[in-house]
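What the coordinates show
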Amino acid sequence: METFLTEAGVRESTEKARRRTRVFGGLIIFALGLFTVLCLLVRTGNARIMLYAAGGTAVLLGWAAIAWWMFALEPARAEEQHRTGLKAAGEPSVYEGVFTLREGSFRIPKSVRIYKVSLDTGEDTLSLNLAESLLEKAPADGSRVRVQTLRKFITGIEVLTPGPDAAPRRRPSRGKAVFRALSRLFPAAVIWAMVAVMLTGFVFTRITDTDPAHKITVYVWCEVRNAPELAERLERELDGAVRMVKVHPFGYAMFGSEAIRTADLYIVPDSQKEEYRDWFAPEDGEAEASGIPVYDP
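Residues numbered from 1 in each chain as written. Predicted model: local features only at pLDDT ≥ 70, side-chain atom pairs only at ≥ 80, totals over all residues. Heavy atoms only, no water.

Another aspect to go through is helix α2 (residues 47–87). Residues spaced three or four apart along an α-helix point in a common direction, a consequence of the helix completing one turn every 3.6 residues. The end-to-end C-alpha distance of α2 is 56 Å, a good match for the 60 Å that 41 residues give at a rise of 1.5 Å each. Residue Trp 69 marks the point of greatest curvature in α2, where the axis turns by about 45°. (Helix = DSSP H or I, 4+ residues; strand = E, 2+ residues; numbered from the N terminus. Expected span 1.5 Å × (residues − 1). Bend = angle between axes of the 7 residues up to and from the residue.)

Let's shift gears to the side chain of Glu 132. In this structure, Glu 132 sits in the loop between β4 (125–131) and β5 (144–150). Assessed through its relative accessible area of 13%, Glu 132 is described here as buried. A polar atom in the side chain of Glu 132 sits 3.1 Å from the side chain of Ser 105. (Buried < 20%, exposed > 50% of the residue type's maximum accessible area, 1.4 Å probe, protein only. Polar contact = N/O pair within 3.5 Å; in protein donor to acceptor, adjacent residues only side chain to side chain.)

What follows concerns the confidence of the model for the protein. In this model, the protein carries a mean pLDDT of 86, and residues with pLDDT of at least 70 account for 91%. When pLDDT is averaged over each helix and strand of the protein, the minimum, 76, is found for helix α5 (residues 258–261) and the maximum, 94, for helix α1 (residues 7–40). (pLDDT = per-residue confidence, 0-100.)

Any two packed helices are characterised by how steeply their axes cross, that is the angle between the axes, and by the distance between the axes. One way to put it is that α1 packs onto α2 with a least axis distance of 9 Å and a crossing angle of 165°. For the element pair α1 / α2, the angle class is roughly antiparallel. The hand of the α1/α2 crossing is left-handed. Counted by class, the contact of α1 with α2 contains 23 nonpolar, 6 polar and 8 charged residues. (Axes fitted to C-alpha atoms, helices over the stretch in contact; angles between N-to-C directions. Parallel < 35°, antiparallel > 145°, perpendicular 65-115°, else oblique. Left-handed = near helix turned anticlockwise from the far one by under 90°. Nonpolar A, V, L, I, M, F, W, Y, C, P; charged D, E, K, R; others polar.)

Moving on, we get to the pattern of salt bridges. Tallying each qualifying case throughout the model produces 12 salt bridges. With a shortest N-O distance of 3.0 Å, Glu 2 and Lys 137 are connected by a salt bridge. Here Lys 137 lies in the loop between β4 and β5 and Glu 2 lies in strand β1 (residues 2–3), a separation of 135 residues in the sequence. On the basis of relative accessibility, which here comes to 39%, the residue Glu 2 falls in the partly exposed class. Lys 137 sits in the partly exposed class, given a relative accessible area of 42%. Among the charged side chains, a network of salt bridges with common partners joins Glu 74, Arg 107 and Arg 184. (Salt bridge = Lys/Arg side-chain N within 4 Å of Asp/Glu carboxyl O.)

A word on the sheet that holds strand β7 (residues 215–220). Across the sheet, which stays open at both edges, the 3 strands sit in the order β8-β7-β9 with parallel pairing between neighbours. Each of the sheet's edge strands pairs with one partner strand only, and the pair in question is β8 (244–249) and β9 (265–267). Recorded for the sheet is a direction-independent mean angle of 20° between the axes of neighbouring strands. Here 6 bridges tie β7 to β8, and the two strands are oriented parallel to one another. Pairing of Val 220 across the sheet is with Pro 249, part of β8. Where helix α4 (residues 227–238) meets the sheet, it contacts β7 and β8, and its direction lies at approximately 145° from that of β8. (Pairing = 2+ DSSP bridges. Contact = heavy atoms within 4.5 Å.)

Counting buried positions along β5 yields 5 of 7 residues, so the element is predominantly enclosed. Strand direction decides the pairing type here: strand β2 (residues 93–107) and β5, joined by 6 bridges, are antiparallel. Residue Val 94 lies in a different strand from β5, and its bridge partner there is Gln 148. Between the end of β5 and the start of strand β6 (residues 153–161), which pair antiparallel, lie 2 residues, with Arg 151 showing a positive phi angle near 50°.

Pasting the structure below:
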């Protein structure tokens, strides 16, 4: 009889689970390290690019970790627990009968995928389990076999009389396997993408902003095409006097004017000077705010 449950097999499954756990841990550490490095490299001028880079990194490496967990680590752990549990189950039982493999496999919660097997002993029909990893070991339907079992799982098979179709068993088609994998991966991937985008946005909001006491906010009455470059140049010119400069068009605060009212500097055309005069600080020696002309055609 060919026995599938051996000490060497149990040790091999344990080592496989450990190796894949180390790879998973290394992937998580690498993802966190790379995300941290990208955050540390953020400057005013490259904040948008680094936001996309960090968000894309978080999404892609998160997907890689999820896929590794689902299709490598989790099955290896389930196989290890399955074999270890069977090894500790005690003495095996032996039965003889006609072997029939039922169509379709399914996964036992928190365990391995199995096929159901019917074994007609002549007096009774037993319902047994065969791990999907052992599918190629299964004899043809109608074969008379002697099987060894532990907790209804087949752990050894000896063919006494081959069935009418002696061709070896084949695993399910690759197309079905891919579809099954994608159906498991897709929901988790979508959820992680949303979480990663929100988390990255939250982190970048914290590292690319500061309190008003250490920041100068500039609102401009026009389309600002080079806001990051302008803010970065102003930061250099201030030579460390403030921590950060923010440049926004007026439309940035279109849903509430409070942010504009509390800004530090305004660049507006002369035609809008009267409308926003109350927001301007008065010049030295002047009772009324007038602003500073910065361009004279």
